[in-house]
Every structure is written in C-alpha cells, then in structure tokens.
Amino acid sequence: MGERAREAVADAAVREAIASLSSHFGERLSIGRALREQHANTITWLDNEAPDAVVFAESVEDVQFVVRTCARHGVPVIAFGTGSSLEGQINAPDGGISLDMSRMNRVLSVHPEDLDCVVEPGVTRKQLNEHLRDAGLFFPIDPGADASLGGMASTRASGTNAVRYGTMKDNVVALTAVLANGEVITTARRAKKSAAGYDLTRLFVGAEGTLGIITSLTLKLSGIPEAISAGVCAFPTIRAACDAVILTIQSGLPVARIELLDEVQVRACNAYSKLDLAEKPTLFVEFHGTQASVHEQAERFGEIATDFGGGPFIWETRPEDRTKLWQARHDAYWACLPLKPGAKALATDVCVPLSRLADCVDETKRDIEEMGMIAPIVGHVGDGNFHTVTLVDMDDPHDVAKAKDFISRMVKRSLAMGGTATGEHGVGQGKRKYMEAEHGAATLDAMRAIKAALDPLNIMNPGKILP
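Counting of residues starts from 1 at the beginning of each chain's written sequence and follows it residue by residue. Reporting in this predicted model follows two pLDDT cut-offs: at least 70 for local features of residues, and 80 or more for side-chain atom pairs to be given and counted; totals over whole chains, interfaces and linings ignore these cut-offs and use all residues. As a rule here, side-chain values come from all non-hydrogen atoms in the structure, and water together with hydrogens is ignored.

## Looking at the pairing of strand E4 (residues 97-100)
Remark: a regular strand shows side chains that alternate across the two faces of the sheet.
Alright, step 1. Neither face of E4 is left uncovered, since the one carrying Ile97 and Leu99 and the one carrying Ser98 and Asp100 both have all their residues buried.
Alright, step 2. Direction of pairing for strand E2 (residues 53-56) relative to E4: parallel, over a ladder of four bridges. Each bridged residue has a counterpart across the sheet, and for Phe56 the counterpart in E4 is Asp100.
Alright, step 3. Note: two strands are recorded as paired if DSSP finds a minimum of 2 bridges between them. Helix numbering and strand numbering both begin at the N terminus, where a helix is a DSSP run of H or I of at least 4 residues and a strand a DSSP run of E of at least 2. Of the pairings in the sheet, the one linking strand E3 (residues 77-80) to E4 comprises four bridges and is parallel in character. The partner of Val77 across the bridge, within E4, is Ile97. Burial classes: relative accessible area under 20% of the type maximum marks a residue as buried, over 50% as exposed, and values in between as partly exposed (1.4 Å probe, protein chains only).

Below, the structure is given as structure tokens:
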C-alpha cells in the first residue's frame, strides 16, 4: 500500500472513531480548531501538532470507552491534564484523540492517620493542598505550575521541594490505569511498602501516557511544618553559589528548598516580580521544622555561605514575603520572555550527581557567554538539577541552529558527568534523541518490549520517549 493510500485509511479510521465517540459523548467531544490547538504543545518552541478531536472524560468508564474505541479503529489517544508539560508530551504527531482529564478532579479520600490520600488525575496540586489545609497536611511536590497530579505522575515531576521530599516517584504509593485494551489495573495497595511482585507503580510514573492512562493516584502526604523560614543570599560567582549548595547538602542540613538563579535570571525576576535583589548569582533557600531547628539550620547555612563569599543573607519571616519570593521563582519562565521580545523560550533541564553540579553549571554558563545567547539559568540545585530558558528567534535559522547546538552540548555534558538528559521535564518529543546515549541500545530494547506488550497497536501517546 502506498503512502497516500495509507493516509486515506488512517483518515477514514479517525472519522469513524470520532463518529462513534460523538454519538456517546455529545457536547463533550469537540473538533473545533482552537480547542484542538490548545490541547497540543503551546508553551515551548516545538511545533503545535493538534489532535483530530478532544474528548472530556468524567469517569473511569469514559476513559475505557475512549480507549476501546481508539483501539478498535487503530487511532492514537493522548491524555491531557493542564497542558503545562515542556517537551511536547501532549502533541499528536499522528493525529488522534486528546483525552482531557480535567473534569476527573475529585479528592476521593484522605487518610490523615496514614498520611495518604486518593485522588482523580485531574486534581491539581493547589486544589489538593487547599483541600488538605484544615487537616494540617500538604502534598509537597511543587513544579511551579498548577499542574494536574495525573500529569505530574506521568512526567515524573519534581520541583522546588524535591531536595527534602523527593519527586513524584517517591510520593505515588499506588495508582489505577486504563490499559490499551480498555482494562483497568491497580498497581499496588495503600501499604507504605511491599515486596509483592513487579513495581508497576513506578513503571507508570514517568511513562508519559505511553503505557496506559492514569485514572486515580494514592499519594503520600506530609504534615505542615511548625515553622518555615526562607531567605536569599547573593554570591560573587555562580561556582561559589554551587559550591555552597554542595557543602550544604553534604553537611546534612535538612534544607527544604535551595534554588539557584544566575544574575540574568535575577535581573528578569526583579523586573517581572517587582523585587530589588542584587543582580548576582543568588540562592533562594527555605527550611522546615520547629522554631528552634529552623533557626539553627539558618545560622549554619549562613556560615557556609560566608565561607564562599556569599552575603548578606536576608531572611523573610512573614508568610506574605515568603510567598512573594517563591512566586517570583515560579514565574521565572515568564520573567525571561521580555529579555528578548518576540522570541520563543526553550526551557530545558539536566541533572548531574551533586559533586559535579558546580562544574556542569559553570561550563554551561561559559557556553552561553561564548555563544552570545540569552539563556538564564535557574535550578533545583539541591539535587543536582538545573534549567536554562533559551530565548530563540524562530525566524532566524542561525539563532535556531545555535540554540539546538547549545542544548545538545548541555545534555552531552550532563551525560559525560554521570547525569541525565532530563531531571524532571520528561522526554516527550524534545529529548527522545538522547535516550540511546543515556540508556544504551539493550535498555531501550527492554523498554520497547514493555511498550509492545502493554500497547501492541501503539495507540497510547505514540511518538514520545522511545526514539
């Protein structure tokens, strides 16, 4: 069969699938162009590859119906949460159905005595924490965006609190998912540990919807700390700031958040968030605990910072001041955009062993300066993870080529230092080409075998993760 004939068959299959779904979902299915484009990549420089239709699920049965219909017609299905992923995970390169999970947004149960809860995938992290507040509990994973918890699990999200509380892989106890054949599986029970069989929970956490669609999550919770203290500390160089981070972690200080902003990012945040920080490499830090322990930890961190030429160390004690500080950090992406009006932002990340953090950040900074780029650095450096937001003129082929070269150099540097191509953004489309260099051919073959076993028709978010 020729290419044109294959396309005709695929188009007919999509039309049949949409007709079947439309009769079942009615107004909860849309083929409007604007809505379809909103359900594809909209944030970074990757092309917007819209699905053929969008369906809004409200129950597990809805998800099963969509998956079974798509399987019957061989049509791709792409789960959608809030659309905040950064590597094209929600694009539909082969067309298909975008399954919007935002209406599956119920907190199903909370077990304060067990420090866990069960939620539907469309619940966002802010919604969950608002629900938990009166119980004195919170869910600590904070990637900045008010992402859906299903999406956060699917991309194995992390964020500012990861240095103390871990990432999504550490905080998902169990989940339920609809497989490519429409069956529902439960990966684990609510017990805090188990030695019974394969760890399917972690298999689905980070799978980016390529193995199945998450329909509920059992999550670990933490108690809201008695005391929280946050502060900022400027350093003479980016290496000095990184070296202070390394010693802080190696000294065993239980820091909750420790974020690096280079001087370019600080300047952007000052303008966007109305701050007045010194335009130098800066650490944002936060400690959780009792009043006494937080005070002791802050003093010790101040001593470490001084040893590396940092200071003054300015603490924000009022909740509203801490909120303003961390909101500025979360708005770092948007703060960067005015630095090069009209440019697209390529937000990417790598992660290296902590001992190589200073080397990796320093060499990346040197690349930025030598290549004449605008690419602020910001990172969750307590676990060796940092980001660049590269601003690219998409109408200038030289600028695009330079940005691609820069990202490639950054990833290869991380891999050479024992790190990873992505600490928390996930693979999606943007990082697929680095998977073999990171994992090796045999490991990728094992991943492909798992994918083929669970999704033999390759309908679950095709074109992601595996090159």
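## Thoughts on the nonpolar core
Alright, step 1. Among the nonpolar cores identified, the biggest contains 47 residues, and Leu260, Leu283, Phe301, Leu357 and Phe386 are the most heavily contacted of them.
Alright, step 2. Residue contributions to this core peak at seven residues, all from helix H9 (residues 238-250).
Alright, step 3. Filtering out sequence-adjacent residues up to four positions away, Phe386 remains in contact with Thr348, Asp349, Val350, Leu357, Cys360, Val361, Thr364, Ile377, Val378, Gly379, Val381 and Met410.
Alright, step 4. With 27 residues, the next largest nonpolar core counts Cys117, Ile141, Ala177 and Phe204 among its residues. The definition of a nonpolar core used throughout is a set of buried Ala, Val, Leu, Ile, Met, Phe, Trp, Tyr and Cys residues joined through side-chain atoms within 4.5 Å. Residue contacts follow a heavy-atom distance rule, with two residues in contact if any of their heavy atoms lie within 4.5 Å.

## What about the pairing of strand E17 (residues 377-380)?
Alright, step 1. In E17, alternate side chains face the same way, and those of Ile377 and Gly379 on one face and Val378 and His380 on the other are all buried.
Alright, step 2. Across two bridges, strand E13 (residues 255-261) lies against E17 in antiparallel orientation. Residue pairing for E17: Leu260 is matched across the bridge by Gly379.
Alright, step 3. As defined by bridge partners, E17 adjoins strand E18 (residues 385-392) across four bridges and the pair is classed as antiparallel. Paired with Gly379 across the two strands is Phe386, which belongs to E18.
Alright, step 4. From the end of E17 to the start of E18, which pair antiparallel, there are four residues, and Gly384 there has a positive phi angle of about 80°.

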